[in-house]
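Listed below, chain by chain, are the residues.
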Amino acid sequence: MSKKNNLLLILTLGLWCTAMAQKVVFSGVVDKKFDGNKIFIYNDNTKEIDSVTIKNGKFKIVTKFKEPALYTLFNGVERKIAGDFYSPLMIVISKPGTIKVAANMDQFGQSKVIGSKDQDLMRNFVAQSSALSKTLSDKLNTKYGKEFMRDPGQDTSARYKEF
């Protein structure tokens, strides 16, 4: 082979490797009793949706990484049972890689996710903000009463003027 052909081969392999690295793989495990059911994925940025069927207690979704995004995963089982009240799993993705999911089909939003540091940051933020929200809610309920906090427009007395 000539040097020109070798260079072309190296460049082609390099581009192929780069293209292969620009993927996000969601690799999940679930109880085998859910075989045949679907897992859906939605990219909040591109609005693309895809699905795979669970087989042998596993699912694998491979998607091109285009930009950092929030992906929403949900399953057909929980959606059939809960209707509009199903619990999707939201995963923050900032770079290509493999994300492992230990799926909880009854409460998909409670599934365990490994492989995304951004997801860990989001999970910590949500936990802390939920705790702060509860503390604030408890203080407001103590000061103004639960009934008023449920419907602040019902009482216009001076007691609630500051609110």
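Before reading on, note that the structure itself is shown above.
Keep in mind it's a predicted model, so treat the numbers as computed, not measured.

**Q** Can you walk me through the environment of Ala82 in this structure?
**A** Looking at the secondary structure, you find Ala82 in helix H2 (residues 76–82). With 24 residues separating them along the chain, Ala82 and Asp106 place their C-alpha atoms 9.3 Å apart.

**Q** Sorry, what's going on with the pattern of salt bridges here?
**A** Inspection of the entire model under this criterion finds two salt bridges. Glu48 is the partner of Lys66 in a salt bridge, and the nearest nitrogen-oxygen pair spans 2.9 Å. Of this pair, Lys66 sits in the loop between strand S4 (58–64) and strand S5 (69–75) while Glu48 sits in the loop between strand S2 (38–43) and strand S3 (49–53), placing them 18 residues apart in sequence. Exposure remark for Lys66: the relative accessible area of 51% places this residue in the exposed category. Judged by its relative accessible area of 38%, Glu48 is partly exposed. The salt bridge partner of Asp138 is Lys134, with a shortest N-O separation of 2.9 Å. Of this pair, Asp138 and Lys134 both sit in helix H3 (residues 117–144), four residues apart, roughly one helical turn. Residue class for Lys134 comes out exposed when judged on its relative accessible area of 52%.

**Q** Teacher, can you tell me more about unusual backbone geometry here?
**A** Generally, phi is negative for residues other than glycine and the peptide bonds are trans, each holding for most cases. One non-glycine residue, Lys47, adopts positive backbone phi at about 65 degrees. The topology assignment puts Lys47 in the loop between S2 and S3. Located in the positive-phi region is Asn56, a residue other than glycine, with phi close to 55 degrees.

About the cut-offs
- Residues numbered from 1 in each chain as written.
- Predicted model: local features only at pLDDT ≥ 70, side-chain atom pairs only at ≥ 80, totals over all residues.
- Heavy atoms only, no water.
- Helix = DSSP H or I, 4+ residues; strand = E, 2+ residues; numbered from the N terminus.
- Salt bridge = Lys/Arg side-chain N within 4 Å of Asp/Glu carboxyl O.
- Buried < 20%, exposed > 50% of the residue type's maximum accessible area, 1.4 Å probe, protein only.

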